[in-house]
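Observations on the model geometry
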Amino acid sequence: MVACGFFVTGVWKMTVVEHADAPTLWREAEAFLSRDPANNTHQLSAIKRILDLGARGGERFFAVHDDQGALTGSAVVVDTQTLFLSVMAADVVTSLAAHLRDGNVHLAGVIGRQDVLDTFVATLARPATVLVPLMLYRHEGDLHFGRAIGSARAATMDDLSLLVAWHAAFEQEVGMIKVPTPLEERVSRRINDRQLSLWVDDGAVVALAGANALPASSARVGPVYTPPELRGRGYAQAVTAAASLRVQRDEPRTVFLFTDAANPASNKTYQRIGFRHIADHAHWLFECQ
């Protein structure tokens, strides 16, 4: 564990601590992150993945404390060198960004709520561009499947080759950054964990939606994909509703998803299901140094 304090106008205001691993950070930050599972869902997802699968190399784990020792913010660097920020006050994120800047911590990008990101990027003082502006949605009320013909089922390993191709097409379409884990390994794991739902029309698989359970009785939907030639038939709405229902098969959960703010069609689809926009997030990329 490494700690660094920040001295401001005669008093110690913030201390940034780097923990050795995900379990250590999770023991400290679980209650803090669970108070706002919506806006902390990026970090909850990252920590859960590392806890379940282990670190792959290069991950780093940070906590920020006030002068009374209370946790006021946390951050995780994953294996793509992307930083996932929790919700935190402006003075907290300023202290964290200054610590990472002064420590020359390598970052390829950063993800978080827009106001937190604005302060972080300004303090870090590195050239950066927005990869994608994100709208955070929370499901409220009933799930509306819409007009699509067909029914839902869980993906199986018999679907692997199709779903690998669809995930590759999805990642190319949205401009997703390259991740170290091979795509077939990622898709296989999600099939085995029953995280992928399919919509089937007349015996043919026509759409895909993933959803995974998270701490704090929450869940996240993604990705959602329909091949271009099959769009406009309501399949995306139906399969997203099905995935949102399936992820709650063991217990009721609050379901979240992110959309590209620049894609009005997908935003309307999720609103028809019963998802409501609650916050703006983004993924920023830093220029190579």
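Residues numbered from 1 in each chain as written. Predicted model: local features only at pLDDT ≥ 70, side-chain atom pairs only at ≥ 80, totals over all residues. Heavy atoms only, no water.

**Here's the deal with the layout of surface pockets**
The condition is simple: Any residue with an atom within 4 Å of a point lines the site, the site being either a cavity, points on a 1 Å grid over the protein atoms alone where a 1.4 Å probe fits but cannot get out, or a pocket, an open set with protein on both sides within 12 Å along at least 5 of 7 lines. Grid points are joined across faces, edges and corners, and a volume is the space filled by probe spheres set on the points. Helix numbers and strand numbers start at the N terminus; a helix is a DSSP run of H or I with at least 4 residues, a strand a run of E with at least 2. Charged means Asp, Glu, Lys or Arg here, nonpolar means Ala, Val, Leu, Ile, Met, Phe, Trp, Tyr, Cys or Pro, and polar covers whatever is left, Gly included.
Estimated volume of the second largest pocket: approximately 160 Å³. Lining the second largest pocket are K48, D193, R194, Q195, A211, N212, A213, R246, V247, R249, D250 and R253. When residues of the lining of the second largest pocket are assigned to their parent elements, the largest contribution, 3 residues, is made by strand β10 (residues 204–214). Partitioning the lining of the second largest pocket into residue classes produces 3 nonpolar, 2 polar and 7 charged.

**Remarks on the nonpolar core**
Which entries qualify depends on this criterion: In this text, buried Ala, Val, Leu, Ile, Met, Phe, Trp, Tyr and Cys residues form a nonpolar core when linked through side-chain atoms within 4.5 Å. The buried label applies to any residue whose accessible area, calculated with a 1.4 Å probe on protein chains only, is under 20% of its type's maximum; exposed applies above 50%, and partly exposed to all values in between. The contact criterion used is simple: two residues touch if any of their non-hydrogen atoms lie within 4.5 Å.
L83, L85, L96, L107, V110 and F120 are the most contacted members of the largest nonpolar core, which totals 25 residues. Counting residues per element, the ones that place at least two in this core are β2 (11–19), β3 (60–66), β4 (71–77), β5 (82–85), α3 (90–102), α4 (114–124) and β13 (275–286). Leaving out residues up to four positions away in the same chain, V110 has contacts with T82, L83, L85, L117, F120, V121, A282, H283, W284 and F286. Membership of the second largest hydrophobic core comes to 24 residues, among which are A148, V224, V247 and I273.

**Describing the side chain of T259**
Put simply, the test is: Counted as a polar contact is a pair of N or O atoms within 3.5 Å, where, for protein atoms, one must be capable of donating a hydrogen and the other of accepting one, and residues adjacent in sequence contribute only when both atoms are in side chains.
Mapping T259 onto the fold places it in strand β12 (residues 254–260). Within the local environment of T259, its side chain forms a polar contact with the side chain of N267, the two groups lying 2.6 Å apart. When neighbours within four sequence positions are excluded, T259 is seen to be in contact with P133, L134, M135, Y137, S266, N267 and Y270.

**Brief notes about the environment of F32**
Position of F32 among the secondary structure elements: in helix α1 (residues 22–34). Between the C-alpha atom of F32 and that of V87, which follows or precedes it by 55 residues, the distance is 9.6 Å. If we skip the residues at most four places from it in the chain, F32 touches N40, L71, T72, G73, S74, S86 and V87.

**Considerations on the packing of aromatic side chains**
Operational definition: What counts as a ring pair is set by centres within 6.5 Å for rings of Phe, Tyr and Trp (its six-membered ring), and what kind of pair is set by the plane angle: stacked under 30 degrees, edge-to-face over 60, tilted for all other angles.
Inspection of the entire model under this criterion finds 2 aromatic pairs. Between F145 and W199, the aromatic rings sit 6.4 Å apart at their centres with planes inclined by 45°, giving tilted as the arrangement. Pair noted here: F145 is in the loop between β7 (128–139) and β8 (151–154) and W199 is in strand β9 (residues 196–201), with a separation of 54 residues, a long-range link.

**Points about the pattern of salt bridges**
Our working definition: The term salt bridge refers to a side-chain nitrogen of Lys or Arg lying within 4 Å of a carboxyl oxygen of Asp or Glu.
Applying the stated rule across the entire model yields 10 salt bridges. With a closest N to O distance of 3.2 Å, E140 and R138 form a salt bridge. By relative accessible area, R138 is classed as partly exposed at 30%. The salt bridge involving E251 is made with R253; its shortest N-O contact spans 3.2 Å.

**Examining the environment of L208**
Structurally, L208 is set in strand β10. Here L208 falls in the buried class, since its relative accessible area comes to 0%. Spatially, the C-alpha atom of L208 lies 9.2 Å from that of G222, the residues being 14 residues apart in sequence. Not counting the four nearest positions on each side in its chain, L208 is found in contact with L163, W166, H167, L196, S197, L198, P223, V224, Y225 and V239.

**Remarks on the confidence of the model for the protein chain**
For any part of a model where pLDDT is low, the fine detail of the predicted coordinates should not be relied upon. What counts, and what does not: pLDDT is a per-residue confidence score from the predictor, ranging from 0 to 100.
In this model, the protein chain carries a mean pLDDT of 93, and residues with pLDDT of at least 70 account for 96%. Across residues 5–12 the pLDDT falls below 50, and counting only partners more than four positions away or on other chains, this stretch makes 14 contacts in the model.

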